[in-house]
Amino acid sequence: MLSARDGPDDGQRDGGHRAFIVSQGVCFFKRSADPRHGQIVRVLKPIGSVLRSTGATWRGQRGGLWVRMDTTSAGYQEEGWTLVEGPGFGVEGPLLLPISAGDASSSTTAASGDEDEEVWGKGGSQFPLEVVIKHSRDVVFECLATPSTSIAQLVRIMSVRTGVGASQVVLTKA
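Note that this is a predicted model, so its numbers are computed, not measured.

### Details of unusual backbone geometry
Then, in step 1: Of note, S136 is a non-glycine position whose phi angle comes to about 60°, a positive value.
Then, in step 2: Secondary-structure assignment places S136 in the loop between β10 (129-135) and β11 (138-145).

Right under this line is the structure:
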């Protein structure tokens, strides 16, 4: 008898979110129809970029959650999967945050001139929250977080991304 792990989908599930927002400025892609195979590529994406999914998800052997990219959306020519969150990639916290269809409609076109790339709108929804940490006038850390993200989680994410030890981070109100 075959289990879901023995079949061609290897544990794939449908019914997940269909739109995600880039929360940390980096994505990991598997350019393969089968999530068990394919080279993993690290790609920089602007924080706030919206990625479309088919709703199919897959959990890797080490616990990483992946979503299948929607190849019918503008800008995606290759079939593949994108990491939502998981261990082993040198990042802390989720790389993508799920957004509802109503939230996705408040996105705008990126200033980079790429008409296919959407960036989270500045108005509208209260989800997700933009976190920007500055030293003097310089931005030293930026990400998006859910309202339920704790300060401790933000400090860990900042520590991994910037190389500053978590015990040396002091946050104050401006």
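### Section: the confidence of the model for the protein
Then, in step 1: Of all residues in the protein, 71% attain a pLDDT of 70 or more, and the chain-wide mean is 76.
Then, in step 2: Across the protein, element-level confidence peaks in strand β6 (residues 81-85) with a mean pLDDT of 94 and bottoms out in strand β8 (residues 108-109) with 33.
Then, in step 3: Here residues 1-9 is a poorly scored stretch, pLDDT under 50, and it has 13 contacts once near neighbours within four places are set aside; other chains count.
Then, in step 4: A low-confidence stretch, residues 103-126 (pLDDT under 50), is modelled with 45 contacts involving residues beyond four sequence positions or located in other chains.

### Digging into the side chain of K30
Then, in step 1: Within the secondary structure, K30 sits in strand β2 (residues 26-30).
Then, in step 2: Buried and unpaired, K30 has D34 as its nearest opposite-charge partner, separated by 7.5 Å.
Then, in step 3: Setting aside residues no more than four positions away along its own chain, K30 makes contact with P35, R36, H37, G38, Q39, I40, W58, W66, E79, G80 and W81.

### Comments concerning the environment of T71
Then, in step 1: With respect to the helices, strands and loops of the structure, T71 is situated in the loop between β5 (65-69) and β6.
Then, in step 2: The exposure class assigned to T71 is partly exposed, which follows from its relative accessible area of 37%.
Then, in step 3: Sequence separation between T71 and S53 is 18 residues, and the spatial gap between their C-alpha atoms is 8.3 Å.

### Re the sheet that holds strand β7 (residues 96-98)
Then, in step 1: Taken in spatial order, the 7 strands make up an open sheet running β3-β2-β6-β5-β4-β1-β7, and their pairing is antiparallel. Strand pairing shows two members of the sheet lacking a second neighbour, β3 (40-44) and β7, which therefore form its edges. Strand-to-strand twist of the sheet, defined as the mean angle between neighbouring strand axes without regard to direction, takes the value 45°.
Then, in step 2: Where strand β1 (residues 19-22) meets strand β4 (residues 50-59), 3 bridges bridge the pair, whose relative direction is antiparallel. Residue A19 lies in a different strand from β4, and its bridge partner there is R52.

### With respect to helix α2 (residues 151-162)
Then, in step 1: For α2, spanning 12 residues, the distance from its first C-alpha to its last is 16 Å, which sits close to the expected 16 Å at 1.5 Å a residue.
Then, in step 2: Among all positions of α2, only L154, V155, I157, M158 and S159 are buried.
Then, in step 3: Tucked into the core, α2 has its buried residues touching β10 and β11.
Then, in step 4: Phi for G163, located one or two positions after α2, is positive at around 85°.

### Structural notes on the pattern of salt bridges
Then, in step 1: Taken as a whole and judged by the stated rule, the model has 2 salt bridges.
Then, in step 2: Residues D34 and R36 are paired through a salt bridge, measuring 2.7 Å at the closest nitrogen-oxygen approach.
Then, in step 3: The buried category is assigned to D34, whose relative accessible area is 17%.
Then, in step 4: Taking relative accessible area as the criterion, R36 reaches 35% and is therefore assigned partly exposed.
Then, in step 5: Of the charged contacts in the structure, one is a salt bridge between R156 and E92, with a shortest N-O distance of 3.5 Å. Here R156 is found in helix α2, whereas its partner E92 is found in the loop between β6 and β7, with 64 residues between them in sequence.
Then, in step 6: Given the relative accessible area of 28%, E92 is considered partly exposed.

### With respect to the pairing of β2
Then, in step 1: Of all 5 residues in β2, 5 are buried, a share of seventy percent or more.
Then, in step 2: In this structure, β2 lies alongside β6, joined through 2 bridges in antiparallel fashion. Bridge pairing in β6 links K30 to W81.

Parameters and conventions
- Residues numbered from 1 in each chain as written.
- Predicted model: local features only at pLDDT ≥ 70, side-chain atom pairs only at ≥ 80, totals over all residues.
- Heavy atoms only, no water.
- Helix = DSSP H or I, 4+ residues; strand = E, 2+ residues; numbered from the N terminus.
- pLDDT = per-residue confidence, 0-100.
- Contact = heavy atoms within 4.5 Å.
- Buried < 20%, exposed > 50% of the residue type's maximum accessible area, 1.4 Å probe, protein only.
- Lys, Arg positive; Asp, Glu negative; His and termini not counted.
- Salt bridge = Lys/Arg side-chain N within 4 Å of Asp/Glu carboxyl O.
- Pairing = 2+ DSSP bridges.
- Axes fitted to C-alpha atoms, helices over the stretch in contact; angles between N-to-C directions.
- Expected span 1.5 Å × (residues − 1).

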